[in-house]
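Topology and contacts: notes
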Amino acid sequence: MKVYISADIEGVCGIANWNEASKTHADYAEFRQRMTSEVVAACQAAIACGARQIYVKDAHASGRNIIAEQLPECAVLIRGWSGHPFSMVQELDESFDALLMIGYHSRAGSDANPLAHTMSTKVAYIKINGVLASEFLIHQYAAALENVATVFISGDRGICSEVKAANPNIETVAVLEGIGASTISIHPDLALKNIAAGVERALQSDLDQCAIELPEEFKVEIKYIDPVLAYKAAFYPGCSMLRSLTVEYSTDDYFEVLRLLNFVV
């Protein structure tokens, strides 16, 4: 079995403030370790289920957060950002059996996590076919381009609820929930146990039950925080201004959606 893990930090157990997600702050070290530990728990569970190859994408900020020596030897770690439109699932292809997401978080505009955002803090929201998009949705669709099913996600309660609404067969583990500018979290050790158990359930189940079919067409709407950014984005080929803060784009090729987001978000 070959497994891909995409890891973020804003959905790891206990996180509550942007300082804890930033390399420039003293609080960061604790949550860098939390991020690493949750990925390690997922790796160990995948190995227990027969995984012999594991690719891990460090998908937060600089892409240089996970402590490499704590990963199992069979894990390949992808650090930094290549600029490829697959972004948080760089190097994912049809050779993988499953995609796991660790430390994921609610979409921009959600009140389910004080660190909620989608791809960047520049946007108020991204909609795909009228649906407010999270980083889960964007990269679940990317995986579907390669016929790889997203089978597990851990993070805040809001993103877990979104995932279950989209496909109840995907295993989810909520490690925290947001209330205003606060978070309420389970114990970090319990989070690791729950993640490991959830990954095992996911990989021992019928993976095809988590597969999705991509829509035939895609209409993307992006609302920015700053009208200057919207004006600039409207010059991307095929993009047009919808309102002063909002641009729209349509295509029948989801890779073109990813290319758009790569350049304008």
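See the structure above.
In short, a report on the structure. Everything numeric in this text was worked out from a predicted model, so none of it was measured. (Residues numbered from 1 in each chain as written. Predicted model: local features only at pLDDT ≥ 70, side-chain atom pairs only at ≥ 80, totals over all residues. Heavy atoms only, no water.)

Examining the packing of aromatic side chains
To keep it simple, the criterion reads: Each aromatic pair joins two rings of Phe, Tyr and Trp (for Trp, the six-membered one) with centres within 6.5 Å, and gets the label stacked for planes under 30 degrees apart, edge-to-face for over 60, and tilted for any other angle. Strands here mean DSSP runs of E at least two residues long; helices mean DSSP runs of H or I at least four residues long; both are numbered from the N terminus. Exposed residues in this analysis have more than 50% of their type's maximum accessible area, buried residues have under 20%, and partly exposed residues fall in between, with area computed by a 1.4 Å probe over protein chains only.
Applying the stated rule across the entire model yields 9 aromatic pairs. Measuring from ring centre to ring centre gives 5.4 Å for Tyr-4 and Phe-96, while their planes differ by 80°; the resulting arrangement is edge-to-face. Residue Tyr-4 is found in strand β1 (residues 2-7), and its partner Phe-96 is found in the loop between β3 (75-78) and β4 (98-104); the two are separated by 92 residues along the sequence. Neither Tyr-4 nor Phe-96 differs from the other in exposure class; each is buried.

Section: the pairing of strand β11 (residues 240-243)
We apply this condition: The pairing criterion is simple: DSSP has to find at least two bridges between the two strands.
Across 3 bridges, the pairing between β11 and strand β12 (residues 246-251) is antiparallel. Along β12, the bridge assignment pairs Met-241 with Val-247.

Notes on the sheet that holds strand β7 (residues 150-156)
How we decide: Here an angle of 0 to 180 degrees is reported between the N-to-C directions of two axes, which are lines fitted to C-alpha atoms, with helices fitted over the stretch in contact. The contact criterion used throughout is that any non-hydrogen atoms of two residues lie within 4.5 Å.
Sheet architecture is open: 7 strands sit in the order β3-β2-β1-β4-β7-β8-β9, paired in mixed fashion. Looking at the sheet topology across the chains shown, the edges are occupied by β3 and β9 (182-185). For this sheet the average axis-to-axis angle between neighbouring strands, irrespective of direction, equals 20°. Of the strands in this sheet, β4, β7 and β8 (171-179) are in contact with helix α3 (residues 157-166), which crosses β7 at around 150°.

Considering the environment of Ala-51
Positionally, Ala-51 belongs in the loop between α1 (28-48) and β2 (53-58). Along the primary structure Ala-51 and Val-3 are separated by 48 residues, whereas in three dimensions their C-alpha atoms are 6.6 Å apart. Apart from the residues lying within four places of it in its own chain, the contact partners of Ala-51 are Met-1, Val-3 and Ala-46.

Examining the environment of Asn-129
Rules: Two N or O atoms form a polar contact when they lie within 3.5 Å of each other; inside protein one atom must be a possible hydrogen donor and the other a possible acceptor, and for residues adjacent in sequence the pair counts only when both atoms belong to side chains.
When you line up the elements, Asn-129 lands in the loop between β5 (123-128) and β6 (131-132). Taking relative accessible area as the criterion, Asn-129 reaches 36% and is therefore assigned partly exposed. Through-space distance from the C-alpha of Asn-129 to that of Ser-250 is 9.3 Å; in sequence the pair is 121 residues apart. Non-local contacts of Asn-129, meaning those with residues more than four positions away in its chain, are made with Pro-215, Glu-217, Phe-218 and Lys-219. Within polar-contact distance, the side chain of Asn-129 engages the backbone nitrogen of Lys-219 at 2.7 Å.

Looking at a nonpolar patch on the surface
Stated formally: Only residues whose relative accessible area exceeds 30% and that take part in no salt bridge are eligible for patches, with like-charged residues grouped when within 9 Å of each other and nonpolar side chains (Val, Leu, Ile, Met, Phe, Trp, Tyr) grouped when within 5 Å. All accessible areas in this document rest on Shrake-Rupley with a 1.4 Å probe, and a residue is counted as covered only by the protein chains that are shown. When a carboxyl oxygen of Asp or Glu lies within 4 Å of a side-chain nitrogen of Lys or Arg, that pair is called a salt bridge.
Among the surface-exposed residues, Tyr-231, Phe-235 and Met-241 lie close enough to one another that they form a single nonpolar patch of about 360 Å² accessible area. By secondary structure assignment, the location of Met-241 is in strand β11. Relative accessible area serves as the criterion here: at 36%, Met-241 is assigned to the partly exposed category.

Details of a negative patch on the surface
To keep it simple, the criterion reads: A positive count includes Lys and Arg, and a negative count includes Asp and Glu. His and the chain ends are not counted in either. Charged groups are reduced to one reference atom each: NZ for lysine, CZ for arginine, CG for aspartic acid, CD for glutamic acid.
Taken together, Glu-216, Glu-217, Asp-252 and Asp-253 make up a surface patch of like negative charges. With respect to the helices and strands, Asp-253 occurs in the loop between β12 and α6 (254-264). When its relative accessible area of 32% is taken as the criterion, Asp-253 is described as partly exposed.

A few points about the packing of helix α2 (residues 135-145) against α6
Put simply, the rule reads: When an angle is under 35 degrees it counts as roughly parallel; over 145 it counts as roughly antiparallel; between 65 and 115 it counts as roughly perpendicular; any other value is oblique. The sense of a crossing depends on the near helix, which, turned anticlockwise from the far helix by less than a right angle, makes the crossing left-handed and, turned clockwise, makes it right-handed. Each residue receives one of three labels: charged for Asp, Glu, Lys and Arg, nonpolar for Ala, Val, Leu, Ile, Met, Phe, Trp, Tyr, Cys and Pro, and polar for the others, Gly being one of them.
α6 packs onto α2 with a crossing angle of 135° between their chain directions and a minimal axis gap of 10 Å. Our classification of the angle between α2 and α6 gives oblique. Considering the relative orientation of α2 and α6, their crossing is left-handed. Residues Leu-137, Ile-138, Tyr-141, Ala-142 and Leu-145 of α2 touch α6, and the partners they reach there are Tyr-254, Phe-255, Leu-258 and Leu-261. Per-class residue counts for the contact of α2 with α6 are 9 nonpolar, no polar and no charged.

Let's talk about the sheet that holds β12
Spatially, β6-β5-β10-β12-β11 is the arrangement adopted by the 5 strands of the open sheet, whose pairing is antiparallel. Across the chains shown, the open sheet's two edge strands, defined by having one partner strand only, are β6 and β11. Judged from the 2 bridges that link them, β5 and β6 form a sheet pairing that is antiparallel. The partner of Lys-127 across the bridge, within β6, is Leu-132. Against the sheet, α6 makes contact with β5, β10 (218-224) and β12, and its axis sits at roughly 15° relative to β10, the strand it touches most.

Read these as geometric descriptors, not functional statements.
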